[in-house]
Amino acid sequence: AQSVTQLDSHVSVSEGTPVLLRCNYSSSYSPSLFWYVQHPNKGLQLLLKYTSAATLVKGINGFEAEFKKSETSFHLTKPSAHMSDAAEYFCVVIPNQGGKLIFGQGTELSVKP
Amino acid sequence: GAGVSQSPSNKVTEKGKDVELRCDPISGHTALYWYRQSLGQGLEFLIYFQGNSAPDKSGLPSDRFSAERTGGSVSTLTIQRTQQEDSAVYLCASSLSASGTHYEQYFGPGTRLTVT
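Quick caveat, the model's predicted, so the values are computed rather than measured.

**Student:** Please provide a residue-by-residue account of the overall build of chain B, values included.
**Tutor:** Looking only at helices and strands, one finds 0 helices and 11 strands in chain B. Reading chain B from its N terminus to its C terminus gives the helix and strand order β-β-β-β-β-β-β-β-β-β-β. For 116 residues, the compact-globule formula gives about 13 Å, and the C-alpha radius of gyration of chain B, at 13 Å, lands near that figure. The principal-axis extent of the C-alpha atoms belonging to chain B is close to 40 × 30 × 25 Å. Long-range pairs, those at least 24 residues apart, make up 55% of the contacts in chain B between residues at least 6 apart in sequence.

Here it is, written out as structure tokens:
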């Protein structure tokens, strides 16, 4: 079975400092992985996706993630946090046959001025 | 273009009543998904449709939950005899297809269901 584990339920950073949100996956196959963001009272929005092309994936709003098979990780990073990045972030895997998304438990990102 | 829309945005109902939640997917998207988001359980898959058929309904928590999709477009999620544990935000998503490279899912704003 495929699953994802987000290692931190809450991360707090200062504006202008780097962001690191950690995600490990479990999969028998080469997985398709996503990061989604959910701002307060807003819908889920796709940040970026990995589908076995380049291992370093660039997304919207300056976020990127690197797929590391040896570490079974897909951590989300951003060089410099902005106040508008405060939101909940979900690491997601899709089963090999497609269909449903399997969500991690989410990481709430707080950005301090 | 128009995104995924859901109605109502909020629904308060009494325990034991039936409720219907509606989802309008993005035009042309053949796959439609229902998820539930609650404090205790996070984001859970309920059911998805490819066209009008439901290849995977494994996430429906009980037989009180059902869903249908007609004309390959609008879908309705029905909860019968609602219970307090059904209180959650119900999210709908759609994608061009449920497999291959077109499975990027676009989410609606959700319906917040409160069972009193």
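**Student:** Tell me about the sheet that holds strand β1 (residues 5-7) of chain B, residues and numbers included.
**Tutor:** Residue and element names in this part refer to chain B. Spatially, the 4 strands line up as an open sheet ordered β1-β3-β8-β7, and their pairing is antiparallel. Across the chains shown, the open sheet's two edge strands, defined by having one partner strand only, are β1 and β7 (65-69). Recorded for the sheet is a direction-independent mean angle of 15° between the axes of neighbouring strands. Of the strand pairs in this sheet, β1 and strand β3 (residues 19-24) are connected by 3 bridges, and their pairing is antiparallel. Counterpart to serine 7 in the pairing with β3 is arginine 22.

**Student:** Give a detailed account of the pairing of strand β4 (residues 31-38) of chain B, specifying residues and quantitative values.
**Tutor:** Residue and element names in this part refer to chain B. With 8 of 8 residues buried, β4 is to be regarded as a mostly interior element. Every second residue of β4 is oriented toward a common face, with Ala31, Tyr33, Tyr35 and Gln37 on one face and Leu32, Trp34, Arg36 and Ser38 on the other, all of them buried. Sheet topology places β4 next to strand β5 (residues 42-50); 8 bridges connect them, and they run antiparallel. Of the residues in β5, the one forming a bridge with arginine 36 is glutamate 44. Where β4 and strand β9 (residues 88-95) come together, 7 bridges link them in antiparallel fashion. Counted as the bridge partner of glutamine 37 is valine 89 from β9.

What counts, and at which threshold
- Sequence order as written defines residue numbering, which begins from 1 separately in each chain.
- Both sets of labels track the order of writing: A upward for chains, 1 upward for ligands.
- With pLDDT at 70 or above as the cut-off, local features in this predicted model cover only qualifying residues; side-chain atom pairs require 80 or more to be listed or tallied, and sums for whole chains, interfaces and linings still use all residues.
- Side-chain metrics in this entry use all non-hydrogen atoms of the structure; hydrogen atoms and water are not considered.
- Working definition: helices are DSSP H or I runs of at least four residues, strands are E runs of at least two. Numbering for both runs from the N terminus.
- For the radius of gyration, the atom set is restricted to C-alpha positions; the globular benchmark scales as 2.2 Å times the number of residues to the power 0.38.
- Residue contacts are defined here by distance: any two heavy atoms, one from each residue, within 4.5 Å place the two residues in contact.
- At least two bridges found by DSSP between two strands are what make those strands a pair.
- Helix axes use the C-alpha atoms of the stretch in contact, all axes being lines fitted to C-alpha atoms, and the angles between their N-to-C directions lie in the range 0 to 180 degrees.
- With a 1.4 Å probe rolled over the protein chains alone, any residue whose accessible area is under 20% of its type maximum counts as buried; one over 50% counts as exposed, and the rest are partly exposed.

Honestly, it's all geometry; don't read function into it.
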